[in-house]
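Working through the structure, step by step
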Amino acid sequence: MALPTLTDFLTSWDKLTVIGMTPERHDSIMTLAPVGLNGVKVAIEYRHQVNHRGECSTIAYLVSYDEYGNRVSLRNQVYGCFGDEQEQFHQWFANKMAGAVEMDARRGTELNRAIDEALA
């Protein structure tokens with residue numbers, strides 16, 4: 001059995017519904033898992049890593065949250081990107097992030113409007 005590729009991971013992660021940025025983080029997109037998981041929140045995150053030879057890679061991974069808000073690592077949802085894969089991942093992540101930032105801005109505007117109306 002062949003190991004999954006970055007494209008395999010990203011295709012799978014596209015099943016997650018983006019709902020905004022993860023609060024207090026600039027490198028994390030909050031999503032909802034598919035319906036069968038009863039709306040479990042899952043964050044798409046990444047970190048850069050440099051090995052002992054000085055080579056940089058990007059580690060992409062998912063983190064879920066339990067009912068108390070604690071982070072839970074999803075160990076089978078981690079992928080190390082090297083070379084051209086890093087660019088592919090960062091383009092994919094930037095696209096998802098743009099949608100998340102737009103959703104957050106829209107929610108903020110709606111909240112401000114509702115509070116202004118309530119206090120008028």
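The model shown is predicted, which means the values in this text are computed figures rather than measured ones. (Residues numbered from 1 in each chain as written. Predicted model: local features only at pLDDT ≥ 70, side-chain atom pairs only at ≥ 80, totals over all residues. Heavy atoms only, no water.)

1. Some points on the sheet that holds strand β4 (residues 56-65)
Taking strand neighbours across the sheet as the criterion, the five strands line up as β1-β2-β3-β4-β5 in an open arrangement whose pairing is antiparallel. Here the strands that pair on one side only, and so sit at the sheet edges, are β1 (17-21) and β5 (71-81). Strand after strand, the sheet turns through a mean of 30° between neighbouring axes, direction not considered. Bridging between β1 and strand β2 (residues 28-32) involves four bridges; their strand directions are antiparallel. Within β2, the residue paired with Val18 across the bridge is Thr31. The sheet strands contacting helix α1 (residues 6-13) are β3 (41-50), β4 and β5, and the helix crosses β5 at an angle near 140°. Packing against the sheet, helix α2 (residues 84-119) makes contact with β1, β2, β3, β4 and β5, and its axis sits at approximately 70° to β1. (Pairing = 2+ DSSP bridges. Helix = DSSP H or I, 4+ residues; strand = E, 2+ residues; numbered from the N terminus. Axes fitted to C-alpha atoms, helices over the stretch in contact; angles between N-to-C directions. Contact = heavy atoms within 4.5 Å.)

2. Notes on α1
Turning to α1, its buried residues number three or more, namely Leu6, Phe9, Leu10 and Trp13. Seen from one end, α1 has its buried residues packed into an arc of 95°, which puts them on one side. Where the residues of α1 are buried, they touch β3, β4, β5 and α2. (Buried < 20%, exposed > 50% of the residue type's maximum accessible area, 1.4 Å probe, protein only. Arc of directions from axis to C-beta.)

3. Some thoughts on α2
For α2, built from 36 residues, the straight-helix expectation of 52 Å at 1.5 Å per residue is met to within 8% by its first-to-last C-alpha distance of 53 Å. Listing the buried residues of α2 in full gives Gln86, Phe89, Trp92, Phe93, Lys96 and Ala100. Against the buried residues of α2 lie α1, β1, β2, β3, β4 and β5. (Expected span 1.5 Å × (residues − 1).)

4. Quick notes on the packing of α1 against α2
The N-to-C vectors of α1 and α2 enclose an angle of 10°; their axes lie 11 Å apart at closest approach. In terms of axis orientation, α1 runs roughly parallel to α2. Residue-level contacts link Leu6, Thr7, Leu10 and Trp13 of α1 to Glu85, Gln88, Phe89 and Trp92 of α2. Residue composition of the contact of α1 with α2, by class: five nonpolar, two polar and one charged. (Parallel < 35°, antiparallel > 145°, perpendicular 65-115°, else oblique. Nonpolar A, V, L, I, M, F, W, Y, C, P; charged D, E, K, R; others polar.)

5. What to know about the side chain of Thr58
Relative to the helices and strands, Thr58 resides in strand β4. Under the relative-accessibility criterion, Thr58 is labelled buried at 0%. Here His48 takes part through its side chain, which lies 3.4 Å from a polar atom of the side chain of Thr58. Within polar-contact distance, the side chain of Thr58 engages the side chain of His90 at 3.2 Å. With sequence-adjacent residues up to four places away left out, Thr58 is seen in contact with Tyr46, Arg47, His48, Tyr79, Gly80, Cys81, Gln86, Phe89 and His90. (Polar contact = N/O pair within 3.5 Å; in protein donor to acceptor, adjacent residues only side chain to side chain.)

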